[in-house]
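Structural characterization, general
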Amino acid sequence: MKLISVVVPCYNEEEVLPLFYDEIIKVTNQMKQEHNELEFEFLFIDDGSKDKTLEGFRKLADTDKRVRYISFSRNFGKEAGMFAGLKNAKGDYVVVMDADLQHPPSFLPKMYNYVKDGEYDCATTRRVSRKGESKVRSWFARKFYSLMNKISQTEIVDGAQDFRFMTRQMVDSILEMNEYNRFSKGIFSWVGFKVKYMEYENVERAAGTTAWSFWGLFKYSLEGIMAFSTAPLAIASLLGVVSCVFSFICALVVIFKTLIFGEDVSGFPTIMCAIFLVGGLQLFCIGILGQYLAKAYLETKARPIYIARETDEIYRSKKSESAE
Ligand code: UDP
Ligand code: MG
């Protein structure tokens, strides 16, 4: 028997949850018919939703004993949701997918075919179009990927997604990376393994709204850069060296000018400009340093990545108690 765990992080997804469940049941039943050896579990993560997502999970758990869930004490973010899912999944294979049907369950059979013979350790989708997304957003996304790949040793494929079908071995490697600042696109790629990219056209979410604002994505991309590259620190050093060389040349010029033409005291605005420029540069570089320090500070605290408030186990045992 081979168990496949389907991990689904959900944040305010009460609207799409039933749609998603219908869809995934349809696909997994089909897979079971084709491959007798397959078993499934569905592990939903409620990332501190403010709507009735948790109640939706309970309802599913009532009727389907393969449904498991973890409900967080507050919103910890999708990265934490995926981590909790990977950590608690029991499967020989684990699939991570979004609840909004932007990661079509119909890909699962193909993904399984790639992974089952051991040729690949992971099958994932890569969107080739960004249909339904604003132009500005796509532009920034593309720039982010090209920048990231220039300054980081970890290659991040443009359009790669968190829709991943992975072997137990790969999941265990990912779990060994227990950093607090999790940038999963980087993590997935950092662990390596043989990955099959399947191209597909972007689909829009089935219902509900995205939790990502432009500003949120922007901050997330900075997190990604800092988590997988130290290039900004190198840039800061480089700026320092360049301004040193420049000021040295200026000093030489000033010395020779004074020796040849004598001294005068004009040039106050020039000095002020120079002071502001250098001061600004210094603050900028200290800021970069500070950002890395802040990340290191958070890592040393070693806080838990998520806190669970309720799980299906708690719910089921309470239910059977009250039934007695
Ligand atoms: N999500 C989450 N926690 C959050 C934000 C999002 O678990 O804080 C989940 C969300 O429910 C969905 C997936 O992450 O299943 C992707 O989110 P969304 O569709 O909003 O992002 P997009 O597809 O626009 O990247
Ligand atoms: Mg989505």
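Just above sits the structure.
To start, this report covers the structure provided alongside it.

Examining the coordination of the magnesium ion (ligand 2)
Protein coordination at the magnesium ion (ligand 2) comes from Asp100 (OD) and Gln102 (OE1), with a distance range of 1.9 Å. For glutamine 102, a relative accessible area of 22% corresponds to the partly exposed category.

What about the site of ligand 1?
Taken together, 16 residues surround ligand 1, and among them Glu13, Asp47, Asp100, Gln102 and Arg205 come closest. Taking aspartate 47, its side chain carries an N or O atom lying 2.6 Å from a nitrogen atom of ligand 1. Protein coverage of the free-state accessible area of ligand 1, which is 530 Å², stands at 85%. Looking at the shell around ligand 1 residue by residue, the class counts come to six nonpolar, four polar and six charged.

What about the sheet that holds strand β5 (residues 122–127)?
In spatial order, the strands read β7-β5-β6-β4-β1-β2-β3-β8; together these eight strands make up an open sheet with mixed pairing. Across the chains shown, the open sheet's two edge strands, defined by having one partner strand only, are β7 (195–200) and β8 (308–311). When strand polarity is set aside, the average angle formed by the axes of neighbouring strands in this sheet is 20°. Bridging between β5 and β7 involves six bridges; their strand directions are parallel. When the bridges of β7 are listed, threonine 125 appears paired with methionine 198. Of the strands in this sheet, β1 (2–10), β2 (38–46), β3 (67–72), β4 (93–96) and β6 (160–167) are in contact with helix α3 (residues 78–88), which crosses β3 at around 140°. Here helix α11 (residues 312–323) sits on the sheet and contacts β3 and β8; the angle it forms with β8, its principal contact strand, is near 50°.

Let's talk about the environment of leucine 281
Among the structural elements, leucine 281 can be located in helix α10 (residues 268–301). Each C-alpha atom of the pair leucine 281 and asparagine 113 lies 54 Å from the other, and the pair is 168 residues apart in sequence. Setting aside anything within four residues of it in sequence, one finds leucine 281 in contact with Leu239 and Ser243.

Looking at the pairing of β3
Of all six residues making up β3, six are buried, and the element is well covered by its neighbours. Alternating residues of β3 divide into Val67, Tyr69 and Ser71 and Arg68, Ile70 and Phe72, and every residue in both groups is buried. Two elements, β2 and β3, share five bridges in a ladder whose sense is parallel. Within β3, the residue paired with isoleucine 45 across the bridge is isoleucine 70.

Cut-offs used in this document
Residues numbered from 1 in each chain as written. Chains lettered and ligands numbered in written order. Predicted model: local features only at pLDDT ≥ 70, side-chain atom pairs only at ≥ 80, totals over all residues. Heavy atoms only, no water. Donors = N, O, S within 2.8 Å, 3.2 Å for Na, K, Ca; no water. Buried < 20%, exposed > 50% of the residue type's maximum accessible area, 1.4 Å probe, protein only. Near = heavy atom within 4 Å. Polar contact = N/O pair within 3.5 Å; in protein donor to acceptor, adjacent residues only side chain to side chain. Areas by Shrake-Rupley, 256 points an atom, 1.4 Å probe, with all protein chains shown as cover. Nonpolar A, V, L, I, M, F, W, Y, C, P; charged D, E, K, R; others polar. Pairing = 2+ DSSP bridges. Helix = DSSP H or I, 4+ residues; strand = E, 2+ residues; numbered from the N terminus. Axes fitted to C-alpha atoms, helices over the stretch in contact; angles between N-to-C directions. Contact = heavy atoms within 4.5 Å.

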